[in-house]
Protein chains: 2
Amino acid sequence: MRAWPDGSVAGMSSPARSGTRSARGRRGVRPSGDDREGAILATAERLLGERSISEISTDDLARGAGISRPTFYFYFPSKDAVLLALLDRVVAEADAALDRVPDDMASDPPRYWRRCIAAFHETFSAHRPVALACAAARVTNAEVRELWARVMSSWTLLVAEAIECERRRGAAPPGLAARDLAVVLNSMNERVLHATFAQDGPAVAEADVVDVLLTVWLNAIYQTTTPPGDADSPQATPDSS
Amino acid sequence: MRAWPDGSVAGMSSPARSGTRSARGRRGVRPSGDDREGAILATAERLLGERSISEISTDDLARGAGISRPTFYFYFPSKDAVLLALLDRVVAEADAALDRVPDDMASDPPRYWRRCIAAFHETFSAHRPVALACAAARVTNAEVRELWARVMSSWTLLVAEAIECERRRGAAPPGLAARDLAVVLNSMNERVLHATFAQDGPAVAEADVVDVLLTVWLNAIYQTTTPPGDADSPQATPDSS
DNA sequence: CACGGTATCGACAGCCTGTCGAGTCAGTCA
DNA sequence: TGACTGACTCGACAGGCTGTCGATACCGTG
């Protein structure tokens, strides 16, 4: 007879796993496979709040989920795969938060960009341990690295298109290739948010970080922190309050 | 009888190591301790060009230096300590390169900032494998993390002071706290250079990276890419060519 | 009730790290 | 010259971690 230390988490099986387990609905005396998988993910997220990924063994994850180490490998091929599944969920959440930002860039650019930056800040702030662990795993694990690279590329593309849009509108001056600008601004956010969350090296106070980043974004894109919105005529100098 | 695969590197014993070996000058039939230490460092730098630090074992380092694994521990307490010694050398080189930048910020600000950014780019570019390995080791090793944090803090302080100087001169407008601005700009450079060197995710082409970074720096600090130099009067609009 | 897929674990092999104690060697000093 | 010292070297060991294999238990279904 065994104990089941970790309760299941509510649903949401990882979309990354090519699930062999098809239909749910089984309810036996022992927890179902989905419960186990959820328990492993929950254990991982919990333990990541206490110590770094390299200090967590597959044994820790297995015991935390109430199973033996070999059984862990029935659900995930490795420790990194757990992290990958967690990252998937966080990335999906960030994308969803970004989707919820109203698409009204032209009417008030600073407000728009601020909401975008804040969306990332809030999402990753809510999953700080996972974000930090993934940044750590990226250096050793190719899959994590590639997933993150893909995600950053897609966000970079979005930003580059927005910048070009602002240039066509006459709100932003021509300058660097929009993609290059998008790359460095996204990179800046990534590193600065990481440093702020990890308290690693020189960092900006958490309360200020979104505004500091926003200011640099606006200056880099518009050469001013008060770019013209809809009401202003194109090419206008930004001195209307 | 043994072979000594790796020749010694020219002098420069790591300043980080609290050397118990005091006087040199011994020349026996077998290589001296300094030769060994140099051979280990040289082997590490060479192997880092081929694979990542996590794929290099202490055995690899020992064999590369022509010694057994236990003997490795006579010279360094761990694999990470070797990396720390390599990082020490690169940081010293970067500081030296920064010192060689002429202190003429006021006469031509873009040229000054460009030289600073290029100094880092060139130094880390010349030691790409070490730079990447240290970035990787930082996430697991507290000593590497602290050394890097200290280094970044000192560079941030330098930048913050330069920004305040430009503001007093009237060349740069007031705005964000100079330290916050310095932190995010330095963070941007760190992440962007890393991505460029590692070809990791969306990156800027190596040939363009210094100019792209410079442009963002100038816009963030001056709100223009053509800030006034000595000749221009303070507060002047920058339309003189 | 037999069967097959799901789920579980003990035991093993293999890799890596770091340590211990024994041993070698060159120079020193009485 | 012969004992001594300190620098240097390594075989062998202990312990931790990962991933796999084969045997086994459970459960719904035909």
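Residues numbered from 1 in each chain as written. Chains lettered and ligands numbered in written order. Predicted model: local features only at pLDDT ≥ 70, side-chain atom pairs only at ≥ 80, totals over all residues. Heavy atoms only, no water.

Observations concerning the overall build of chain A
Looking only at helices and strands, chain A features nine helices and zero strands. Walking chain A from its N terminus toward its C terminus, one meets helices and strands in the order α-α-α-α-α-α-α-α-α. Each of the 241 residues in chain A was classed as buried or not, and the buried ones make up 49%. Sequence-distant contacts, at least 24 apart, represent 64% of the contacts inside chain A between residues at least 6 apart. Approximately 11,600 Å² of chain A is accessible, and the part contributed by carbon and sulfur atoms is 52%. (Helix = DSSP H or I, 4+ residues; strand = E, 2+ residues; numbered from the N terminus. Buried < 20%, exposed > 50% of the residue type's maximum accessible area, 1.4 Å probe, protein only. Contact = heavy atoms within 4.5 Å. Areas by Shrake-Rupley, 256 points an atom, 1.4 Å probe, with all protein chains shown as cover.)

Observations regarding empty space enclosed by the protein
Here the structure, examined in full by the defined rule, presents four cavities of 30 Å³ or more. If you add up the space inside the largest cavity, you get close to 70 Å³. Taken together, Arg191(A), Ala195(A), Asp200(A), Gly201(A), Pro202(A), Arg138(B), Arg145(B), Trp148(B), Ala149(B), Met152(B), Ser187(B) and Glu190(B) make up the full set of residues lining the largest cavity. For the lining of the largest cavity, the element with the most residues is helix H7 (residues 142–168) of chain B, which contributes four residues. (1 Å grid on protein atoms, 1.4 Å probe; cavity = no way out; pocket = protein on both sides within 12 Å on 5 of 7 lines; lining within 4 Å. Points joined across faces, edges and corners; volume = space filled by probe spheres on them.)

Quick look at the relation of the copies chain B and chain A
Once chain B has been moved 0.0 Å along the axis and rotated by 180°, it coincides with chain A to within an RMSD of 0.1 Å. Those values place the two copies in the arrangement expected of a two-fold rotation axis. In terms of C-alpha distance to the rotation axis, chain B has Met188(B) as its closest residue, with the C-alpha 2.0 Å off the axis. Interface overlap between copies is the fraction of interface residues in one copy that are interface residues in the other; for chain B against chain A it reaches 100%, indicating a shared surface. (Least-squares fit on C-alpha atoms with pLDDT ≥ 70 in both.)

Section: the layout of surface pockets
In this structure, the second largest pocket occupies an estimated 290 Å³ of space. Lining the second largest pocket are 17 residues, and of these Ser54(A), Thr140(A), Ser54(B), Val139(B) and Thr140(B) sit closest to its centre. Within the residue set of the lining of the second largest pocket, elements represented by two or more residues are helix H4 (79–99) and helix H6 (128–138) of chain A together with helix H4 (79–99) and helix H6 (128–138) of chain B. Split by residue class, the lining of the second largest pocket holds eight nonpolar, five polar and four charged. (Nonpolar A, V, L, I, M, F, W, Y, C, P; charged D, E, K, R; others polar.)

Points about the interface of chain B and chain A
Contacts between the two partners involve 36 residues from chain B and, on the opposite side, 36 residues from chain A. For the pair chain B and chain A, the summed buried surface comes to about 3,000 Å²; carbon and sulfur atoms form 67% of the total. Taken as a group, Val184(B), Arg191(B) and Pro202(B) account for 20% of the area that chain B buries against chain A, more than any other trio of residues on that side. Connecting chain B to chain A are two salt bridges. A salt bridge links Arg191(A) to Glu190(B); the nearest nitrogen and oxygen atoms lie 2.9 Å apart. For the interface between chain B and chain A, the tally reads six residue pairs in polar contact (both at pLDDT 80 or more). Of all elements in the fold, only H6, H7, helix H8 (178–198) and helix H9 (209–222) of chain B reach the threshold of two or more residues within the side of chain B that touches chain A. Per-element tally for the side of chain B that touches chain A: the top contributor is H8(B), with 10 residues. (Buried area = accessible area lost by both parts, 1.4 Å probe. Salt bridge = Lys/Arg side-chain N within 4 Å of Asp/Glu carboxyl O. Polar contact = N/O pair within 3.5 Å; in protein donor to acceptor, adjacent residues only side chain to side chain.)

Description of the side chain of His127(A)
All names here are of chain A. Inspection of the secondary structure puts histidine 127 in the loop between helix H5 (109–126) and H6. Judged by relative accessible area, which is 16%, histidine 127 ranks as buried. Among the polar contacts listed, one links the side chain of histidine 127 to the side chain of glutamate 93, at a separation of 2.9 Å. If sequence neighbours within four positions are ignored, histidine 127 has contacts with Glu45, Val90 and Glu93.

Regarding the nonpolar core
In a soluble, globular protein the nonpolar side chains are often hidden away together inside. Counting residues in hydrophobic clusters, the biggest one holds 156 residues, and the most contacted among them are Trp113(A), Val184(A), Trp113(B) and Val184(B). Once residues lying within four places of it in the same chain are set aside, the contact partners of Val184(B) are Met188(A), Val192(A), Val204(A), Val212(A), Leu213(A) and Val216(A). (Core = buried A, V, L, I, M, F, W, Y, C linked by side-chain atoms within 4.5 Å.)

Examining the pattern of salt bridges
Residue and element names in this part refer to chain A. Tallied over the full model, the rule gives 23 salt bridges over all chains. Note that arginine 51 and glutamate 50 form a salt bridge whose closest N and O atoms lie 3.8 Å from each other. Judged by relative accessible area, which is 28%, arginine 51 ranks as partly exposed. The class for glutamate 50 is exposed, based on a relative accessible area of 54%.

Focus: the packing of aromatic side chains
Inspection of every chain in the model, using the stated rule, returns 20 aromatic pairs over all chains. On the basis of an interplanar angle of 90° and a centroid distance of 5.3 Å, the ring pair of Phe72(A) and Tyr73(A) is categorised as edge-to-face. With relative accessibility at 0%, the residue Phe72(A) sits in the buried group. Geometrically, the ring pair formed by Trp113(B) and Trp217(B) is tilted, given 5.6 Å between the ring centres and 50° between the ring planes. Of this pair, Trp113(B) sits in helix H5 (residues 109–126) while Trp217(B) sits in helix H9; the two residues are 104 residues apart in sequence, bridging distant segments of the chain. For Trp217(B), a relative accessible area of 4% puts it in the buried group. An aromatic cluster of three or more residues is present, and its members are Phe120(A), Phe124(A), Trp148(A) and Trp155(A). (Phe/Tyr/Trp six-rings, centres within 6.5 Å; stacked < 30°, edge-to-face > 60°.)

Considering the confidence of the model for chain A
Residues and elements named next belong to chain A. Per-residue confidence for chain A averages 85 on the pLDDT scale, and 82% of its residues sit at or above 70. In this model residues 1–29 is a low-confidence stretch, pLDDT under 50, and it forms 38 contacts with partners more than four residues away in sequence or in other chains. Confidence drops under a pLDDT of 50 for residues 233–241, and excluding neighbours within four residues, the segment shows five contacts in the predicted structure. (pLDDT = per-residue confidence, 0-100.)

Focus: the environment of Ser154(A)
Residue and element names in this part refer to chain A. Relative to the assigned elements, serine 154 resides in helix H7 (residues 142–168). On the basis of relative accessible area, serine 154 is assigned to the partly exposed category, the value being 34%. From its side chain, serine 154 meets the backbone oxygen of valine 151 in a polar contact 2.9 Å long.

What to know about the packing of H5(A) against helix H9 (residues 209–222) of chain A
Residue and element names in this part refer to chain A. At a minimum axis distance of 10 Å, the contact between H5 and H9 shows a crossing angle of 135°. Taken together, the axes of H5 and H9 lie oblique to each other. Crossing of H5 against H9: the hand is right-handed. Across the interface between the two elements, Pro109, Pro110, Trp113, Arg114, Ile117, Ala118 and His121 from H5 touch Val209, Val210, Asp211, Leu213, Leu214, Trp217, Leu218, Ile221 and Tyr222 from H9. Class assignment for the residues of the contact of H5 with H9 results in 13 nonpolar, one polar and two charged. (Axes fitted to C-alpha atoms, helices over the stretch in contact; angles between N-to-C directions. Parallel < 35°, antiparallel > 145°, perpendicular 65-115°, else oblique. Left-handed = near helix turned anticlockwise from the far one by under 90°.)

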